[in-house]
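# Residue-level structure breakdown
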Amino acid sequence: MSRSVLQPSQQKLAEKLTILNDRGVGMLTRLYNIKKACGDPKAKPSYLIDKNLESAVKFIVRKFPAVETRNNNQQLAQLQKEKSEILKNLALYYFTFVDVMEFKDHVCELLNTIDVCQVFFDITVNFDLTKNYLDLIITYTTLMILLSRIEERKAIIGLYNYAHEMTHGASDREYPRLGQMIVDYENPLKKMMEEFVPHSKSLSDALISLQMVYPRRNLSADQWRNAQLLSLISAPSTMLNPAQSDTMPCEYLSLDAMEKWIIFGFILCHGILNTDATALNLWKLALQSSSCLSLFRDEVFHIHKAAEDLFVNIRGYNKRINDIRECKEAAVSHAGSMHRERRKFLRSALKELATVLSDQPGLLGPKALFVFMALSFARDEIIWLLRHADNMPKKSADDFIDKHIAELIFYMEELRAHVRKYGPVMQRYYVQYLSGFDAVVLNELVQNLSVCPEDESIIMSSFVNTMTSLSVKQVEDGEVFDFRGMRLDWFRLQLLPKHCAKTISQAVNKKSKKQTGKKGEPEREKPGVESMRKNRLVVTNLDKLHTALSELCFSINYVPNMVVWEHTFTPREYLTSHLEIRFTKSIVGMTMYNQATQEIAKPSELLTSVRAYMTVLQSIENYVQIDITRVFNNVLLQQTQHLDSHGEPTITSLYTNWYLETLLRQVSNGHIAYFPAMKAFVNLPTENELTFNAEEYSDISEMRSLSELLGPYGMKFLSESLMWHISSQVAELKKLVVENVDVLTQMRTSFDKPDQMAALFKRLSSVDSVLKRMTIIGVILSFRSLAQEALRDVLSYHIPFLVSSIEDFKDHIPRETDMKVAMNVYELSSAAGLPCEIDPALVVALSSQKSENISPEEEYKIACLLMVFVAVSLPTLASNVMSQYSPAIEGHCNNIHCLAKAINQIAAALFTIHKGSIEDRLKEFLALASSSLLKIGQETDKTTTRNRESVYLLLDMIVQESPFLTMDLLESCFPYVLLRNAYHAVYKQSVTSSA
């Protein structure tokens, strides 16, 4: 039977609203992706930036939406070639716009149907209906605004249609309507203001129903605090009572959504602002709260400017324009601080709520509303801050920089975790509530209704049956509850002509009675009051840092991993990697290396700092479940290499560079001497004092600290660097030998002919240079000896059994062992810091010097003559003032005592390389040196023999240092009585100098 008015129940409005809202979000996503693609030169359709199509695109946009293919062959010629590819590649874009047009048609049809059905909207009565209606309008509005922001929309649609016409001989059938829609919605809000004139009554009714909801949600933090909002412990006597409200779903309705409804809604039906004070108050309150709205993701809508631009051309709207300007000023001045205080309140409120619920999870049943309200309020404030942080003219930057936002998010996560963890508790509570209370009350109300249409009766009976059938056993069995059908029925019930939801609400209100609370009951003192500070405002910086660290550690442990856009983020791994980076930077930073002044921290100071740092890092394990040992291993192992994993210098490279370029260079310059008695390098008194004390960087304790820091790998790199410097000195020495090869060859066989040796010696050149370079080599080897001894001490402490095994292995190499095998053992021993007869690192360094142009026999000869050159040059040292031997330091101030180490180790390495007899060559050296030194005993010139006794002692040092020479051999070349007298003389001279 026909009726004059359409029946809402027959129009499936609930289903249409649900489907179109869902469809609208999908359309927004597609349009957003098109806008982003067109804004990115790499993702933009190539036809829009193709130079060959540039003139065609400009022509199409200029003529849009008209289609003119005739008389434009020249401009459209290139388009003719690309038509099939354009159709293929722009189809997705084009049909997205077509879908937008179809979505618009469906929305307009549904809005017209709603108006014809005279549907009643009130958010406090029929929540689902009103919310879905307003959501649809906002989705539709947002979609049209986003469409207008795609600058290339005309070019894309036009290109596709021209290609379609060239291919099929006619325009696409959707093109005329689509083109007209694009033109009509150039200014979408202006067009929609005209479009929504017929819908003003329905829309304004829905918006005005927010008058009790939106202002209550948009209160200040002080008002929330005074009302003790979200507090479970403010009224202990009612803690177990279920949290109820006449407008339950409105309590956790998104504030962001309501502001969109109000602002966009009243723009579309702006006439009501001039006639209804309630509407105007809602509009002004929303304008004062925000400066921009989020359209979709990062697309924002600047409220005040857009509204003013729309109203400025409407006659009689000067008052509204003034309202907008006043509200804008209020929003800029006060909105930031208001929302900041809200976030501050919510942090403490959510913390309290989470703490109480973690202790008493059973309260999640009766107080579930509090949880959802808390999550909703916090979400709204976070979204507001994110939206305004980059899009609001800031008068106070502090209002938009919230260092504690993570804390608020954490408490939200904690509440969500409680709901997930104790879901069965909540299910058990509400299953009993629905079946034992709601079903009974609803059944009584249905029975008591005097007039109840059949449609309503069927739906409400279905409600009663569904709720009555619920049982706790379903929860215990883990059954998944599906209330989608019941929710849709409730949605449908809201659309029925009698509006039964309102009737039920009124019936419940009649049955309920207000209970008066007890007056005069004193407030009990809460536990823990005695531990509170007298003044909570007094918070030290350490308090703040400790709180921040403990909260951070707790949150890292709290969440094992998070999935963000299909990427799994693991906080503990993130912390571990950043600890490694920070530890690496800190270690290098603690060296305090200054390249300009060549200053660096003492190794012992750095070691102390590193150990303190490691102790602090190790304490993190007490708070966070991470493997800090892994961090130490990764970082400290990298520091033993020349560069770390990021290619940055390490402490190994810094200290190696400093010892070579600063300390040892000053030794070569005569400012520092090696004191064997102290096993350290010591500053010498000079005019220009050094900026550092060499002893503080080279004594045994400092070298042990260096070995602890660098480890065997780092010390090996240090040794290799030292050997590279030695090899460069040896290369220069060989050049000097080649210059004097003839003279040295004769001297090698004439050591028993004093007169001939004296004549030949005068023909030698660069004698001082040879001795100086050999002394430098000796100094470097002495430093390496200190480093190796320190490494041996450190390793003996850490791995005593392994070191003793290596030492035993080295000491028992049979003499007949092949040299390659022996060198492998020496290399192992050297890595452990043990001294070796032949230094493997020096052998490797000198082996790389072999020249292709010189035969092995010639190389061997040069090596022999080098030893001859050094031997015959020793007497010249006696004339040097600085060559005096000091018993106190057991050496010479010009470091010539280091020659003993240089001669022995260079000989051992060179003759190992050239497969000569080390012992024979050193005997030859001893014979030449002894003969040369005995000659200065016959000299009468006091200048030439100034420090003769001190130089004699070099022979004893060379033999003492050598594993290949003996004192018996020395005595056969150089009378021991001369050595004894020399020692006596230098000690006597030392005592005289001291006196």
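Above: the structure in question.
This text gives an overview of the structure that appears in the document. (Residues numbered from 1 in each chain as written. Predicted model: local features only at pLDDT ≥ 70, side-chain atom pairs only at ≥ 80, totals over all residues. Heavy atoms only, no water.)

From N to C terminus, the chain includes 41 helices and eight strands. What you see for the chain is a C-alpha radius of gyration of 47 Å, clearly larger than the 30 Å of a compact globule of 995 residues, by over 25%. Over its C-alpha atoms, taken along the principal directions, the chain stretches across nearly 145 × 95 × 55 Å. Burial statistics for the chain: of 995 residues in total, 48% are counted as buried. (Helix = DSSP H or I, 4+ residues; strand = E, 2+ residues; numbered from the N terminus. Rg over C-alpha atoms; globule rule 2.2 N^0.38 Å. Buried < 20%, exposed > 50% of the residue type's maximum accessible area, 1.4 Å probe, protein only.)

Next up on the list: empty space enclosed by the protein. Applying the stated criterion across every chain yields a total of two cavities of 30 Å³ or more. Roughly 60 Å³ of internal volume is contained in the largest cavity. What lines the largest cavity is Leu255, Asp256, Glu259, His339, Asp380, Glu381, Trp384 and Arg387. Mapped onto the lining of the largest cavity, the elements with two or more residues apiece are helix 12 (255-268) and helix 16 (368-389). At four residues, helix 16 tops the list of elements feeding residues into the lining of the largest cavity. Tallied by class, the residues present in the lining of the largest cavity amount to two nonpolar, one polar and five charged. (1 Å grid on protein atoms, 1.4 Å probe; cavity = no way out; pocket = protein on both sides within 12 Å on 5 of 7 lines; lining within 4 Å. Points joined across faces, edges and corners; volume = space filled by probe spheres on them. Nonpolar A, V, L, I, M, F, W, Y, C, P; charged D, E, K, R; others polar.)

A separate point is the layout of surface pockets. Quantified by volume, the second largest pocket comes out at close to 2000 Å³. Around the second largest pocket, the lining comprises 40 residues; the ones closest to its centre are His404, Glu407, Tyr411, Thr547 and Glu551. Among the elements of the structure, helix 15 (318-359), helix 17 (405-421), helix 23 (541-558) and helix 24 (571-590) are those that each provide at least two residues to the lining of the second largest pocket. Here the element with the most residues in the lining of the second largest pocket is helix 23; it accounts for 10 residues.

What follows concerns a nonpolar patch on the surface. On the surface, Met562, Val564, Trp565, Phe569 and Tyr574 cluster together to form a nonpolar patch covering roughly 560 Å² of accessible area. Note on placement: Met562 falls in strand 3 (residues 562-564). (Patch = residues over 30% accessible without salt bridge, like charges linked within 9 Å, V, L, I, M, F, W, Y side chains within 5 Å. Areas by Shrake-Rupley, 256 points an atom, 1.4 Å probe, with all protein chains shown as cover. Salt bridge = Lys/Arg side-chain N within 4 Å of Asp/Glu carboxyl O.)

Let's shift gears to unusual backbone geometry. For the bond running from Phe64 to Pro65, omega is 5°, close enough to zero to count as cis. Tracing the backbone shows Pro65 in the loop between helix 2 (54-63) and helix 3 (73-117). The phi dihedral of Lys12 is positive, around 50°, even though this residue is not glycine. For Lys12, the location among the structural elements is in the segment before helix 1 (13-39). In the Ramachandran plot, Arg297 falls in the positive-phi region, its phi being about 55° despite a non-glycine side chain. For Arg297, the location among the structural elements is in the loop between strand 1 (292-296) and strand 2 (299-302). The partly exposed category is assigned to Arg297, whose relative accessible area is 45%.

Below, the discussion takes up helix 12. A rise of 1.5 Å per residue sets the reference length of helix 12, with its 14 residues, at 20 Å; its end C-alpha atoms lie 20 Å apart and thus fit the reference within 8%. Among the 14 residues in helix 12, 14 count as buried, and that is most of the element. Among the residues of helix 12, the N-terminal cap falls to Ser254, whose side-chain oxygen and the backbone nitrogen of Asp256 are separated by 3.3 Å. (Expected span 1.5 Å × (residues − 1). Polar contact = N/O pair within 3.5 Å; in protein donor to acceptor, adjacent residues only side chain to side chain.)

Right, let's get into the environment of Gly833. Relative to the helices and strands, Gly833 is located in the loop between helix 34 (819-831) and helix 35 (840-847). For the pair formed by Gly833 and Asn281, sequence separation is 552 residues and the distance between their alpha carbons is 86 Å. Leave out the neighbours within four places in its chain, and Gly833 touches Gln788, Glu789, Leu791 and Arg792. (Contact = heavy atoms within 4.5 Å.)

Here we take up the pairing of strand 2. Look at any regular strand and the pattern is simple: side chains alternate between the two faces of the sheet. As paired strands, strand 1 and strand 2 are joined by four bridges and run antiparallel to one another. Its bridge partner being in strand 2, Phe296 is matched across the sheet by Glu299. (Pairing = 2+ DSSP bridges.)

Below, the discussion takes up the nonpolar core. Core analysis: the biggest nonpolar cluster contains 135 residues, and Leu663, Leu664 and Phe681 have the highest contact counts within it. With 15 residues, the top contributor of residues to this core is helix 32 (residues 767-798). Dropping the residues within four chain positions of it, Leu663 is found in contact with Trp658, Ile672, Phe681, Phe692, Ala694, Tyr697 and Ser698. Formed by 115 residues, the second largest nonpolar core is a distinct cluster that contains Val119, Met192, Ala307 and Tyr317. (Core = buried A, V, L, I, M, F, W, Y, C linked by side-chain atoms within 4.5 Å.)

Burial along strand 5 (residues 672-675) is two-sided: the face carrying Ile672 and Tyr674 and the face carrying Ala673 and Phe675 are both buried. In this structure, the hairpin formed by strand 5 and strand 6 (residues 680-683) is closed by a connection of four residues, where Lys679 is found at a positive phi of approximately 50°.

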